[in-house]
Amino acid sequence: MANGDGTAVVNSWNEWDTLREVVVGSADGACYEPTEPGNRPQVRDRPDEPFPTGPKPPEVIAKANEELDRLAEVLESRGIVVRRPAPYDFSQPLRTPHFGVENQYCAVCPRDVMITVGNEIIEATMSRRARYFEYEPYRHLVYEYWESDPRISWTVAPKPTMASAMYREEFWTWPLEERHRRMHQSEFCVTQDEVVFDAADMNRFGRDIVVQESMTTNRAGIRWLKRHLEPRGFRVHPVHFPLDYFPSHIDCTFVPLRTGLILTNPDRPLREDEVALFTENDWKLVEAPEPVLSNSEMPTHCQSSKWLSMNVLSISPTTVICEEQEAPLHDLLTDMGFEVLTVPFRNVFEFGGSLHCATWDIRRDGTAEDLFP
Ligand code: DAV
């Protein structure tokens, strides 16, 4: 397989090996996410109020940037190289042959679009119109890495049309009972006709890649990943969390912390027949504690759940960075032998992500291990 000796400029095989270089997102130029067939953003607890459009207020952006900069400083203080996205005008509307959208989103969450799989960088197809060009703020970095080391490969996944036919708009109006009835069908707001995936629906475990089927990743997307990665020596495992009726991105649901240990979401158990892969290989699944903030205490325009609490960033198999107010999680991790570093990050929640979402690892120690022999 494409298994180097771990010395390439781009080298990251899992979520926890010692981190050497990372991209931290930026809120510069961020806009509110527009309403579109793949997304119905709502003002928290006031679903009838119109969701704002256009650029986010400068003070909201400044507060998030302060926390992102602080994270960058903490990482640098640990000797990790930190890179940032290039400026990008997200207020530009988009018009393609298949859709138009009034503005784009932001570069707070590189994890959603970019993924390092071993020595390869993959740009995800993305699932929402406003995020179609979200790879652009990272392209200067991709070119730099790709030019500097011939061992790096770079793949852009096929762009879907994002035409109306790609979406199932009734999804948004299904009553709860209907969602429950359909929970094992894995049919959400995107249909199965085109290849669709966000990078954040993947977890990396050495030569095994786990992919969640979700609102942002369909079965064709998983098939594409399988056909792309398996000839390169990886194994791709689809996973499902049937009680999550609005699944999007795996990193608030299933969070590997080191070899043999995964932090899980007590509200979203892994489908029963999929647990065996982990338990039969002696992996321990440990439930995250109840988050400190309830869903209604999350920022007004945040579209993610309270489980951003468990969206932690591992900088080594023994050191984890957590949001500073999540004391029950700090205690659990400390009890399990981790060194816990904390940073304030609540103002970044407004943009839909926490520490894992807001980063993209470029280089960690290690090579392709077989963790599920
Ligand atoms: O579980 O609330 C988080 C999405 C992070 N990008 C959730 C989704």
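Quick look at the structure, then. Worth saying up front: this structure is predicted, and the values here are computed from it rather than measured.

Right, let's get into the site of the ligand. Lining the immediate surroundings of the ligand are Asp112, Ser248, His249, Cys252, Arg268, Ser304, Ser305, Gly352 and Cys357. Within the contact set of the ligand, a nitrogen atom lies 2.8 Å away from a side-chain nitrogen or oxygen of His249. Arg268 places a polar side-chain atom, nitrogen or oxygen, 2.9 Å from an oxygen atom of the ligand. In isolation the ligand exposes 270 Å². Once the protein is present, 91% of that is buried.

Another aspect to go through is the sheet that holds strand 13 (residues 284-287). Strand order in the open sheet formed by three strands is 11-12-13, with mixed pairing between adjacent strands. Unpaired on one side and paired on the other, strand 11 (254-258) and strand 13 mark the two borders of the sheet. The mean inter-strand angle of the sheet, taken between neighbouring strand axes irrespective of direction, is 30 degrees. Where strand 11 lies against strand 12 (residues 261-264), four bridges are found, and the strand directions are antiparallel. Bridge assignment links Arg258 to a residue of strand 12, and that residue is Leu261.

With that settled, consider the environment of Pro137. Here Pro137 lies in the loop between strand 6 (120-123) and helix 2 (139-148). Using a relative accessible area of 1% as the deciding quantity, one classes Pro137 as buried. Sequence separation between Pro137 and Arg84 is 53 residues; the distance between their C-alpha atoms is 8.8 Å. Those residues in contact with Pro137 that sit more than four places away from it in its chain are Pro85, Ala86, Tyr88, Phe90 and Ala107.

A sheet is described by the order of its strands in space; here three strands give the open sequence 5-6-7, paired in mixed fashion. Of all the strands in the sheet, the pair left with one neighbour each is strand 5 (114-117) and strand 7 (153-156). Between one strand axis and the next, the sheet turns by 20 degrees as a mean value, whatever way the strands run. Both strand 5 and strand 6 contribute to a ladder of four bridges, which runs antiparallel. Directly across from Met114, in strand 6, lies its bridge partner Glu123. Strand contacts of helix 2: strand 5, strand 6 and strand 7, with the helix running at about 145 degrees to strand 7, the strand carrying the most contacts. This element, helix 4 (residues 219-229), spans strand 5, strand 6 and strand 7 of the sheet and lies at about 160 degrees to strand 6.

On to helix 6 (residues 327-335), then. All of the buried residues along helix 6 are Leu329, His330 and Leu333. One face of helix 6 carries all of its buried residues, which in axial projection span an arc of 105 degrees. On its buried face, helix 6 is in contact with strand 11, strand 12, strand 15 (319-323) and strand 16 (339-343). Gly337 occupies a position one or two residues after helix 6 and carries a positive phi of about 100 degrees.

Next up on the list: the environment of Met126. Among the secondary structure elements, Met126 is positioned in the loop between strand 6 and helix 2. With 94 residues separating them in the primary sequence, Met126 and Tyr32 have C-alpha atoms 17 Å apart. Excluding residues that lie within four positions of it along the chain, Met126 makes contacts with Asp112, Val113, Arg131, Lys159, Pro160, Met162, Val196, Phe197 and Asp198.

With the rule as written, the count across this model stands at 36 salt bridges. As a salt-bridge pair, Glu21 and Arg363 come within 2.9 Å of each other at their nearest N and O atoms. Of this pair, Glu21 sits in strand 1 (residues 19-24) while Arg363 sits in strand 17 (residues 359-364), and the two are 342 residues apart along the sequence.

This part is about the nonpolar core. Generally speaking, soluble globular proteins have nonpolar side chains that are buried together. Residues Leu75, Leu257, Ile321, Phe345 and Phe351 are the most contacted members of the largest nonpolar core, which totals 50 residues. At seven residues, the largest contribution of residues to this core is made by helix 1 (residues 58-77). Here Leu75 is in contact with Leu19, Val22, Val24, Ile80, Val82, Leu313, Ile315 and Ile321, once residues within four sequence places are set aside. Formed by 47 residues, the second largest nonpolar core is a distinct cluster that contains Val113, Val190, Val196 and Leu229.

A positive phi is found at Met162, a non-glycine position, where the angle reads about 60 degrees. Tracing the backbone shows Met162 in the loop between strand 7 and helix 3 (176-181). Met162 gets classed as buried once you look at its relative accessible area, which sits at 0%. Unusually for a residue other than glycine, His249 sits at a positive phi of about 75 degrees.

Turning next to the pairing of strand 13. In the sheet, strand 12 pairs with strand 13 via four bridges, with the strands oriented parallel. By the bridge assignment for strand 13, Ile262 is matched with Leu285. For the crossover that starts at strand 12, traverses helix 5 (residues 272-279) and ends in the parallel strand 13, the hand is right-handed.

Reading the values: rules and limits
- Residues numbered from 1 in each chain as written.
- Predicted model: local features only at pLDDT ≥ 70, side-chain atom pairs only at ≥ 80, totals over all residues.
- Heavy atoms only, no water.
- Near = heavy atom within 4 Å.
- Polar contact = N/O pair within 3.5 Å; in protein donor to acceptor, adjacent residues only side chain to side chain.
- Areas by Shrake-Rupley, 256 points an atom, 1.4 Å probe, with all protein chains shown as cover.
- Pairing = 2+ DSSP bridges.
- Helix = DSSP H or I, 4+ residues; strand = E, 2+ residues; numbered from the N terminus.
- Axes fitted to C-alpha atoms, helices over the stretch in contact; angles between N-to-C directions.
- Buried < 20%, exposed > 50% of the residue type's maximum accessible area, 1.4 Å probe, protein only.
- Contact = heavy atoms within 4.5 Å.
- Arc of directions from axis to C-beta.
- Salt bridge = Lys/Arg side-chain N within 4 Å of Asp/Glu carboxyl O.
- Core = buried A, V, L, I, M, F, W, Y, C linked by side-chain atoms within 4.5 Å.
- Right-handed = clockwise from strand over helix to strand, strands pointing away.

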